[in-house]
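# A closer look at the structure
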Amino acid sequence: MTALIFNYNSNCVAIAMDTLAHSFDKTSFLYESKFYYFEKEKTAICGVGNSGIKKDWYNFVLNNIPTKNIIEINKIATEKLLVFDNKYPDEFDATIYNFGYNEGKDKFEGFVYRKENGFISEKLYHGFGTRPKVDNNKIVSIYSNMELINKKDIINYIFIQVMKEQKKADDRNKIEDRVFIGGDIELLIMTKDSCSFNTIYNL
């Protein structure tokens, strides 16, 4: 599994993920970047659960969709994700997120595809999202301290503090219930004019 945080609106998408990955039986671990993006097209692919299907989907988009346009990607995502999912055991859960800039509407759009729902396309509303979920009171508390932070560091601060809360809660779970959050926090920010990818914290 993994930790995922995103905040997006019409003009910008910010996504943060940790880098700790583990085998299905949670006996072996490694560190890896967990999301993919196409800088020129301002399109990103990320997800939680089975990383294999995420990699399959990225490689398909890379090699078969020349435009990497978020709308074109969304049109075929359900069909292809169902095919890729057949490669893996039924107990391998997966949720895939696609974010990207829609030139035709001059705005960013996001879609989520959940295995439990047959990978149907679900449009994401603009706003703040976390996996695993973080208590709203914790998020409000983090935002309440923003006036103490240098303006240019606010995005980093929010994502770091929220993921710390995710890790703290996960560390308290039984081994069989943990998603194991750790390694680095990597942050991708896409605007209509730029794209940046950085490591912002070590957990």
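My aim in this report is to walk through the structure given alongside it, one point at a time. (Residues numbered from 1 in each chain as written. Predicted model: local features only at pLDDT ≥ 70, side-chain atom pairs only at ≥ 80, totals over all residues. Heavy atoms only, no water.)

Ranked by internal contacts, the top residues of the largest apolar core, which has 21 residues, are Ile45, Ile53, Trp57, Val61, Leu81, Ile96 and Tyr113. Secondary-structure elements contributing two or more residues to this core are β5 (36–38), α1 (51–64), α2 (70–85), β7 (94–102) and β8 (107–114). When residues no more than four places from it in sequence are discounted, the contact partners of Leu81 are Ile53, Trp57, Ile96, Tyr113 and Phe119. (Core = buried A, V, L, I, M, F, W, Y, C linked by side-chain atoms within 4.5 Å. Buried < 20%, exposed > 50% of the residue type's maximum accessible area, 1.4 Å probe, protein only. Helix = DSSP H or I, 4+ residues; strand = E, 2+ residues; numbered from the N terminus. Contact = heavy atoms within 4.5 Å.)

For the rest of this paragraph, the subject is the sheet that holds strand β1 (residues 4–8). Read across the sheet, five strands follow the order β10-β1-β2-β11-β12 without closing on themselves; strand pairing throughout is antiparallel. Edge strands, defined here as strands with exactly one partner in the open sheet, are β10 (127–131) and β12 (195–202). Taking each pair of neighbouring strands and ignoring which way they run, the sheet shows an average axis angle of 15°. Where β1 meets β10, five bridges bridge the pair, whose relative direction is antiparallel. Following the sheet pairing, Asn7 is matched in β10 by Phe128. Where helix α4 (residues 154–171) meets the sheet, its contacts fall on β1, β2 (12–17), β10, β11 (184–191) and β12, and the angle it forms with β1 comes to roughly 145°. (Pairing = 2+ DSSP bridges. Axes fitted to C-alpha atoms, helices over the stretch in contact; angles between N-to-C directions.)

So, on to the packing of aromatic side chains. Within the structure shown, the criterion is met by 14 aromatic pairs. Measuring from centroid to centroid gives 5.6 Å for Phe35 and Phe197, while their planes differ by 65°, and the two rings are edge-to-face. Remark: Phe197 occurs in strand β12 and Phe35 occurs in the loop between β4 (29–31) and β5; sequence separation between them is 162 residues. Take Phe35: its relative accessible area is 4%, and that puts it in the buried class. Judged by centre distance (6.2 Å) and plane angle (65°), the ring pair of Phe128 and Phe159 falls under edge-to-face. (Phe/Tyr/Trp six-rings, centres within 6.5 Å; stacked < 30°, edge-to-face > 60°.)

The residue after Arg131, namely Pro132, is reached through a cis peptide bond having omega -5°. In this model, Lys42 sits at a positive phi of 55°, which is unusual for a non-glycine residue. Positionally, Lys42 belongs in the loop between β5 and β6 (43–49). A relative accessible area of 11% places Lys42 in the buried class. The phi dihedral of Asp106 falls on the positive side, at around 55°, and the residue is not glycine. Structurally, Asp106 is set in the loop between β7 and β8.

A word on the sheet that holds β8. Spatially, β5-β6-β7-β8-β9 is the arrangement adopted by the five strands of the open sheet, whose pairing is antiparallel. For this open sheet the edge positions go to β5 and β9 (122–123), each flanked by a neighbour on one side alone. Inspection of the sheet shows β7 paired to β8 by eight bridges, in the antiparallel sense. For Ile96, the partnering residue across the bridge sits in β8 and is Tyr113.

What follows covers the layout of surface pockets. Looking at the second largest pocket, its volume works out to about 200 Å³. Lining the second largest pocket are Phe6, Tyr97, Arg114, Leu124, Phe128, Gly129, Thr130, Arg131, Lys133, Val134, Asn136 and Ile139. Per element, the largest residue contribution to the lining of the second largest pocket is four residues, and it comes from β10. Residues of the lining of the second largest pocket, tallied by class, amount to six nonpolar, three polar and three charged. (1 Å grid on protein atoms, 1.4 Å probe; cavity = no way out; pocket = protein on both sides within 12 Å on 5 of 7 lines; lining within 4 Å. Points joined across faces, edges and corners; volume = space filled by probe spheres on them. Nonpolar A, V, L, I, M, F, W, Y, C, P; charged D, E, K, R; others polar.)

The element β2 is largely enclosed, with a buried count of five among its six residues. Across five bridges, the pairing between β1 and β2 is antiparallel. Bridging from a neighbouring strand, Ile5 pairs with Ala16 of β2. Taken together, β1 and the strand that follows it, β2, pair antiparallel across an intervening segment of three residues.

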